[in-house]
Amino acid sequence: MKKVLLPLDGSTRSLRTIEMVKQLYPNQDVEITLLMVLPDPTPFETPSERDRMQRKAEREQATFAQLLEGWPVKTVLLRGNPGPEIVQFAREKGFHALAMTRSTRGTLQRLGSVASYVVKT
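Here goes a summary of the coordinates provided. (Residues numbered from 1 in each chain as written. Predicted model: local features only at pLDDT ≥ 70, side-chain atom pairs only at ≥ 80, totals over all residues. Heavy atoms only, no water.)

Glancing now at the overall build of the protein. Within the protein one finds four helices and four strands. Reading the helices (α) and strands (β) of the protein from amino to carboxyl end gives β-α-β-α-β-α-β-α. In the protein, the share of contacts with a sequence separation of at least 24, taken over all contacts with a separation of at least 6, comes to 75%. If you sum the accessible surface of the protein, you get close to 7,500 Å²; carbon and sulfur atoms cover 52% of it. (Helix = DSSP H or I, 4+ residues; strand = E, 2+ residues; numbered from the N terminus. Contact = heavy atoms within 4.5 Å. Areas by Shrake-Rupley, 256 points an atom, 1.4 Å probe, with all protein chains shown as cover.)

Turning our eyes to something else, we now look at the side chain of Thr17. Tracing the backbone shows Thr17 in helix α1 (residues 13–24). On the accessibility criterion, Thr17 (5% relative accessible area) is buried. Setting aside residues up to four positions removed in sequence, Thr17 forms contacts with Leu6, Ala99, Met100 and Thr101. (Buried < 20%, exposed > 50% of the residue type's maximum accessible area, 1.4 Å probe, protein only.)

Spatially, β3-β2-β1-β4 is the arrangement adopted by the four strands of the open sheet, whose pairing is parallel. Looking along the sheet, the strands with just one partner apiece sit at the ends: β3 (73–79) and β4 (97–98). The sheet contact formed by strand β1 (residues 2–8) and β4 spans two bridges and is parallel. Paired with Leu5 across the bridge in β4 is Leu98. Contacts from α1 reach β1 and β2 (30–38) within the one sheet, and its direction differs from that of β1 by about 170 degrees. (Pairing = 2+ DSSP bridges. Axes fitted to C-alpha atoms, helices over the stretch in contact; angles between N-to-C directions.)

Turning our attention to helix α2 (residues 47–66). Taking 1.5 Å as the rise per residue, α2 with 20 residues should run 28 Å; its terminal C-alpha atoms sit 29 Å apart, in good agreement. Of all the residues in α2, the buried ones are Ala57, Glu60, Gln61 and Phe64. Down the axis, α2 shows its buried residues gathered within 100 degrees of arc, on one side only. Exposed residues pointing more than 90 degrees away from the buried face of α2 are listed as Pro47, Arg59 and Gln66. Next to the buried residues of α2 lie β1, α1, β2 and β3. (Expected span 1.5 Å × (residues − 1). Arc of directions from axis to C-beta.)

Right, let's talk about the pattern of salt bridges for a bit. A side chain with one charge can pair with a side chain of the opposite charge if their charged atoms come near. As enumerated under the stated definition, the model contains three salt bridges in all. Its salt-bridge partner being Lys74, residue Glu31 comes within 3.5 Å of it at the nearest N-O pair. On the criterion of sequence distance, the pair formed by Glu31 in strand β2 and Lys74 in strand β3 is long-range, its members being 43 residues apart. Here Glu60 ties to Lys56 by a salt bridge, and the two come within 3.0 Å at their closest N and O atoms. Residue Glu60 and its partner Lys56 are both found in helix α2; the two are separated by four residues, about one turn of the helix. (Salt bridge = Lys/Arg side-chain N within 4 Å of Asp/Glu carboxyl O.)

To continue, consider the nonpolar core. One finds Leu6, Val21, Ile32 and Leu34 to be the most contacted residues of the largest nonpolar core, which totals 16 residues. Secondary-structure elements contributing two or more residues to this core are β1, α1, β2 and α2. Per-element tally for this core: the top contributor is β2, with five residues. (Core = buried A, V, L, I, M, F, W, Y, C linked by side-chain atoms within 4.5 Å.)

And the structure:
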């Protein structure tokens, strides 16, 4: 069984990655992990703001997991710097594939900073 990691940022771009994974991997051949990395808390964040941010991320993960109904899905929520956290998690857990979206900012098709970090590392 293939293990596929989908790092998500809560954007609508992530939906395209989910659809691509569904097309590439039959549900009986894959285990999908949806990973979201929240930024480390700042000194200015209150505990209630951190809790609100975590609840929002958990709701987004649940919504994305529903789009993969019929596929085995796990959700993981981490805190830290997204690029390094994604790379470390992928290495520790031994994923076979990692699917991410590119940045859609600007007129040129290019990778965003997190995707660039993951590809280069």
